[in-house]
Amino acid sequence: LAQAAEQLSRAPSVLLDDARFARRLLARALDEARATSQTPSLTVGPDARWFRIGHHHVDLGRRRRLRDLLAALVERHSCAPGTLLTAGDLTGALWPEERVSPAIVRHRIHVLISTLRTLGLRTLIISDADGYMLDRQLQLRVDGPEALES
């Protein structure tokens, strides 16, 4: 160790800068790995009016369709974890009285899902060609018994 420390002290400053940079990169990569290895946790408020991931709090109070979509995802996760919500399921939950073409429905759902992801649910919403669901590994907490009512 003493010999390595002596060689490091004689190394040009460029090498020291590279070593510091590499150390920062490694520390960042380790932090990201720790964050992704932890089981995600989501808290959803009454009527899906808000949600929280860690310390990140998002208010959906005036965004009814986003609330309805989140409530549908939460309800499916609670009742049947790992089961997808199809476009048909979501159409019935979000627009029960509207008759809309399937292409328009898919676009509306895509926009709403994209918005929820942007608001913080990016890694928690799983999608495939058949539909959407919340991550199976998710630890979900619903505040208030009325959280799933629309």
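Starting from 1, residues in each chain are numbered consecutively following that chain's sequence as written. Confidence filtering applies because this is a predicted model: local features only for residues at pLDDT of at least 70, side-chain atom pairs given and counted only at 80 or more, and all residues used for totals across whole chains, interfaces and linings. The side-chain figures draw on all heavy atoms in the structure; neither hydrogens nor water molecules are used.

1. Regarding the overall build of the protein
We apply this condition: Labels follow the DSSP assignment, with helices taken as runs of H or I lasting at least four residues and strands as runs of E lasting at least two, numbered in each case from the N terminus. Relative accessibility decides the category of a residue: with a 1.4 Å probe and only protein chains considered, values under 20% of the type maximum give buried, values over 50% give exposed, and everything between is partly exposed. In this analysis, two residues are considered to be in contact whenever any of their non-hydrogen atoms come within 4.5 Å of each other.
Broken down by element type, the protein carries five helices and six strands. Secondary structure elements of the protein occur, N-terminal to C-terminal, as α-α-β-β-β-α-α-α-β-β-β. Within the span of the protein, comprising 150 residues, buried residues form 29% of the whole. Pairs at least 24 apart in sequence give 57% of the contacts found in the protein among residues at least 6 apart.

2. Quick word on the environment of Ser78
Looking at where Ser78 falls in the secondary structure, it is placed in helix α3 (residues 64-79). For Ser78, a relative accessible area of 43% puts it in the partly exposed group.

3. With respect to the nonpolar core
Spelled out, the test is: What makes a nonpolar core is a set of buried Ala, Val, Leu, Ile, Met, Phe, Trp, Tyr and Cys residues whose side-chain atoms join them at distances within 4.5 Å.
Counting 29 residues, the largest nonpolar core has Phe51, Leu73 and Leu116 as the members making the most contacts within it. The contacts of Phe51, once residues within four sequence positions are left out, are Leu42, Thr43, Val44, His56, His57, Val58, Leu60, Leu70, Leu116, Leu119 and Leu121.

4. Regarding unusual backbone geometry
Positive phi values are uncommon outside glycine, yet Asp47 reaches one of about 55°. Positioned with a positive phi, Ala48 is a non-glycine residue whose angle comes to about 55°. Its relative accessible area of 0% is what places Ala48 among the buried residues.

5. Comments concerning the side chain of Arg67
Definition in use: Counting rule for charge: Lys and Arg are taken as positive, Asp and Glu as negative, and neither His nor the chain ends is counted. Throughout this description, the term salt bridge denotes a Lys or Arg side-chain nitrogen within 4 Å of a carboxyl oxygen of Asp or Glu.
With respect to the secondary-structure elements, Arg67 resides in helix α3. Among buried Asp, Glu, Lys and Arg side chains, Arg67 stands out as unpaired, with Asp68 the closest opposite charge at 5.3 Å.

6. A few points about the sheet that holds strand β6 (residues 139-142)
Threshold: Note: two strands are recorded as paired if DSSP finds a minimum of 2 bridges between them. Only C-alpha atoms enter the line fits that serve as axes; for helices the fit covers just the stretch in contact. Angles between N-to-C directions range over 0 to 180 degrees.
One open sheet holds the four strands; their spatial order is β3-β2-β1-β6, and the pairing between them is mixed. Either end of the sheet is taken by a strand with one partner, and the two such strands are β3 (56-59) and β6. In this sheet, adjacent strand axes meet at a mean angle of 15° when their direction is disregarded. As judged from the four bridges shared by strand β1 (residues 41-44) and β6, these two strands associate in the parallel manner. Bridge pairing in β6 links Leu42 to Leu140.

7. Here we look at the packing of aromatic side chains
Definition in use: Put simply, two rings from Phe, Tyr or Trp (the six-membered ring, in Trp's case) pair if the centres are within 6.5 Å, and we call them stacked under 30 degrees between planes, edge-to-face over 60, tilted for the rest. Remark: a charge is flagged as sitting over a ring if the NZ atom of Lys or the CZ atom of Arg is within 6 Å of the ring centre and within 35 degrees of the ring normal.
Within the structure shown, the criterion is met by zero aromatic pairs. One cation-aromatic arrangement involves Arg108 over Trp95; the distance from NZ or CZ to the ring centre is 5.2 Å.

8. Some words on the pattern of salt bridges
Counting across every chain of the model gives five salt bridges. For Arg76, the salt bridge goes to Asp89, with nearest N and O atoms at 3.6 Å. Linking Arg76 in helix α3 with Asp89 in helix α4 (residues 87-94), this pair joins segments that are 13 residues apart in sequence. In this structure, the salt-bridge partner of Arg108 is Glu98, at a minimum N-O distance of 3.1 Å. One end of the pair, Arg108, is in helix α5 (residues 102-121); the other, Glu98, is in the loop between α4 and α5, with ten residues separating them in the sequence. Looking at Arg108, the relative accessible area reads 27%, which means it is partly exposed. If you follow the salt bridges from partner to partner, you end up with Arg64, Arg65 and Asp68 in one network.

9. Focus on the pairing of strand β5 (residues 131-134)
The alternating pattern of β5 places Gly131 and Met133 and Tyr132 and Leu134 on opposite faces, both of which are buried. Bridge count for strand β4 (residues 125-128) against β5 is four bridges, and the pairing is antiparallel. For Asp128, the partnering residue across the bridge sits in β5 and is Gly131. If you look at the hairpin formed by β4 and β5, you'll find two residues sitting between the two strands.

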